[in-house]
Amino acid sequence: MKKQEELNLIKKNYEKCQKCPLAKLGRTQVVFGKGNSNAKLMFIGEGPGRDEDLQGSPFIGRAGQLLTKMIEAMGLKREDVYISNVVKCRPPNNRTPLPDESIICKKEILAKEIALIGPQIICCLGSSATKALLGDEIKITQIRGQFFELNGIKIMPTFHPAYLLRNPNAKRPVWQDLQKIIANLK
Ligand code: URA
């Protein structure tokens, strides 16, 4: 089976997912990852916000538009990469996903997306994604901008685009992190 068909199958299997509390906390729909199933680079955010919940695609609101600009500044297009989130259902009032919700959704969906796509590099956007991949103790401010290794995949934690919208001064370090990613893509 082709990778895209396998991703479609995962999507179908989980479109009515009830595995974690977020299923009953007001989601409109399950928002799956989207993009190139053969991507060398994958971005992982936290979870769908209001726009994503309503429209069914990841990163399409204000933070998503900034992410698109970041990808284009890297000389890539959204269609070249794969974009996903730790949790696939919108947490109420955009609160941070709870550890249990992240653990369940990572095991059920995110880990399968990563295994199927097999990217060279994963860019973790913000604290939730970084904790989900590298462990709950990490502090994004201390470890961003460095590569970590996980099952042969290079992991680059950086700040979330929503954080950049509130703190434009953080755009410079994030751009440095993105340049490290470009330099390491083969
Ligand atoms: N923020 C995220 O972390 N993910 C989205 O899909 C949108 C906003």
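What counts as what
Residues numbered from 1 in each chain as written. Predicted model: local features only at pLDDT ≥ 70, side-chain atom pairs only at ≥ 80, totals over all residues. Heavy atoms only, no water. Helix = DSSP H or I, 4+ residues; strand = E, 2+ residues; numbered from the N terminus. Rg over C-alpha atoms; globule rule 2.2 N^0.38 Å. Buried < 20%, exposed > 50% of the residue type's maximum accessible area, 1.4 Å probe, protein only. Contact = heavy atoms within 4.5 Å. Areas by Shrake-Rupley, 256 points an atom, 1.4 Å probe, with all protein chains shown as cover. Lys, Arg positive; Asp, Glu negative; His and termini not counted. Charge placed at Lys NZ, Arg CZ, Asp CG, Glu CD. Core = buried A, V, L, I, M, F, W, Y, C linked by side-chain atoms within 4.5 Å. Bend = angle between axes of the 7 residues up to and from the residue.

S.K.: Just to check I follow, could you spell out the overall build of the protein chain for this structure?
M.R.: Scanning the protein chain for helices and strands turns up 8 helices and 6 strands. What you see in the protein chain, going N to C, is helices and strands ordered as α-β-β-α-α-β-α-β-α-α-β-β-α-α. In terms of overall size, the protein chain behaves like a compact globule, its C-alpha atoms giving a radius of gyration of 15 Å where 186 residues would be expected to give roughly 16 Å. Dimensions of the protein chain, computed from C-alpha atoms along their principal axes, come out at roughly 40 × 40 × 30 Å. By the burial criterion, 48% of the 186 residues in the protein chain qualify as buried. Pairs at least 24 apart in sequence give 71% of the contacts found in the protein chain among residues at least 6 apart. By element, 50% of the accessible surface of the protein chain is carried by carbon and sulfur atoms, the whole surface being about 9,600 Å². Here the protein chain contributes 30 positively and 18 negatively charged side chains, and the mean placements of these two sets differ by 3 Å.

S.K.: Any chance you could explain the nonpolar core here in plain terms?
M.R.: The tendency in soluble globular proteins is for nonpolar side chains to be buried as a group. By size, the foremost hydrophobic cluster in this structure holds 31 residues, and its most contacted members are Met42, Ile44, Ile114, Ile122, Leu133 and Ile155. Those elements that provide at least two residues to this core are α1 (3-14), β2 (41-45), α4 (99-117), β4 (121-125), α5 (127-134) and β6 (153-158). With 6 residues, the single largest contributor to this core is α4. Ignoring sequence-local partners within four residues, the contact set of Ile44 consists of Ser84, Asn85, Val86, Leu110, Ile114, Ile122, Cys123, Cys124, Leu125, Ala129 and Leu133. Among the nonpolar cores identified, the runner-up in size contains 21 residues, and Leu41, Leu66, Ile121 and Leu178 belong to it.

S.K.: Help me understand α4, please; the structure alone is not making it clear to me.
M.R.: Because the α-helix completes a turn every 3.6 residues, residues three or four places apart line up on one side. The axis of α4 is deflected most strongly, by about 55°, at Lys106. Residues of α4 that are buried include every one of Glu101, Ser102, Cys105, Glu108, Ile109, Leu110, Glu113, Ile114, Leu116 and Ile117, and no others. Where α4 ends, the next residue or the one after it, Gly118, has phi of about 60°, a positive value.

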